[in-house]
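Letter by letter, the chains look like this.
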Amino acid sequence: MTKRRRVPAMAPEDRRAALIEATVPLLRAHGTAVSTRQIAEAAGVAEGTIFGVFPDKATLLRAALMRAFDPRPAEDALAAIGATAGLRARLREVAALLRAGMKANVNIFAVPRELMAEDAELREHMLDSRARITAAIAALVEPDRDHLRRSPMATAQLLLMLVSVSVHRGFGLSDDFGDMDDEELVSVLLDGLLLPSYRAPITESVR
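**Student:** Quick question: what am I supposed to make of the packing of helix H5 (residues 72-81) against helix H6 (residues 87-104) here?
**Tutor:** Running from N to C, H5 and H6 point in directions that differ by 160°, and their axes come no closer than 10 Å. If you check the angle between H5 and H6, you find them roughly antiparallel. Seen along the crossing, H5 lies across H6 with a hand that is right-handed. Contacts from Ala77, Leu78 and Ile81 in H5 reach Arg90, Glu93, Val94 and Leu97 in H6. Classifying every residue of the contact of H5 with H6 gives five nonpolar, no polar and two charged.

**Student:** Please clarify how helix H10 (residues 182-191) should be interpreted in this entry.
**Tutor:** Turn by turn, an α-helix covers 3.6 residues, leaving residues three or four places apart pointing in a common direction. Listed as buried for H10 are Asp182, Leu185, Val186 and Leu189. Projected down its long axis, H10 shows its buried positions confined to an angular sector of 95°, all on one face. Contacts made by the buried residues of H10 are with H6 and helix H9 (152-168). At the N-terminal end of H10, a side-chain oxygen is found 3.3 Å from the backbone nitrogen of Glu183, two or three residues along, and the residue is Asp181. One or two positions beyond H10, positive phi appears at Gly192, with a value near 80°.

**Student:** Any chance you could explain the environment of Leu185 here in plain terms?
**Tutor:** Take Leu185: it is sitting in helix H10. Relative accessible area serves as the criterion here: at 0%, Leu185 is assigned to the buried category. Taking the C-alpha atoms as reference points, Leu185 and Leu159, separated by 26 residues in sequence, lie 8.2 Å from one another. In this structure Leu185 touches Ala95, Arg99, Leu159, Leu162, Val163, Ser166 and Met180, once residues within four positions along its chain are discounted.

**Student:** Would you explain the pattern of salt bridges in this entry?
**Tutor:** Between side chains of opposite charge, pairing is possible as soon as their charged atoms come close. Taken as a whole and assessed by the stated rule, the structure comprises 13 salt bridges. Residue Glu121 is joined to Arg62 by a salt bridge in which the shortest nitrogen-to-oxygen separation is 2.8 Å. Of the two residues, Glu121 sits in helix H8 (residues 120-141) while Arg62 sits in helix H4 (residues 57-68), which places them 59 residues apart along the sequence. The exposure class of Arg62 is partly exposed, given its relative accessible area of 23%. For Asp182, the salt bridge identified is with Arg99, shortest N-O distance 2.9 Å. With Asp182 in helix H10 and Arg99 in helix H6, this pair connects stretches of sequence that are 83 residues apart. Accessibility classification places Asp182 together with Arg99 in one group, the buried group.

Rules used throughout
Residues numbered from 1 in each chain as written. Predicted model: local features only at pLDDT ≥ 70, side-chain atom pairs only at ≥ 80, totals over all residues. Heavy atoms only, no water. Axes fitted to C-alpha atoms, helices over the stretch in contact; angles between N-to-C directions. Helix = DSSP H or I, 4+ residues; strand = E, 2+ residues; numbered from the N terminus. Parallel < 35°, antiparallel > 145°, perpendicular 65-115°, else oblique. Left-handed = near helix turned anticlockwise from the far one by under 90°. Contact = heavy atoms within 4.5 Å. Nonpolar A, V, L, I, M, F, W, Y, C, P; charged D, E, K, R; others polar. Buried < 20%, exposed > 50% of the residue type's maximum accessible area, 1.4 Å probe, protein only. Arc of directions from axis to C-beta. Polar contact = N/O pair within 3.5 Å; in protein donor to acceptor, adjacent residues only side chain to side chain. Salt bridge = Lys/Arg side-chain N within 4 Å of Asp/Glu carboxyl O.

Have a look at this one:
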């Protein structure tokens, strides 16, 4: 029988951080059904160690949720895109990043909504996270402000909405909606739904 690898003794704050890091991937894989036994095995500690630094499982899961929705990795990745490429290329990279992040959290996407009604701090964390990511996207759109009918912030919000719908398939979407890859999604955002052959100016006579 394989013996569990034990981690060295840690200060309580370091132990909490290590347990949170071990919990995040399990939370993404299993949702809130993840057990403290699974968490302990992933962290290489005895199950009782968890309750030496967290009062209960719910507190640990809440901390892991806040870590899973930490906006800093997304902000850094978005900033790395830069403004040298064209707007379409930039937005395709943004869409790919957003899609990957949302898919990683797909099993826990609805959990914060359930908890936010009772947890003001978590609610503020989620709202701040979305605002910071939106602002980072808007900064990438800013160089092309004069080419768009909506502001960079509004463009960023629309892109977030389209990616979210394509990943989570909410709002009662039927199978007819199909899948949108990043190129099509950006095209819908920038060009609308008309095919190129129909994008000529349309004049209407009033009789």
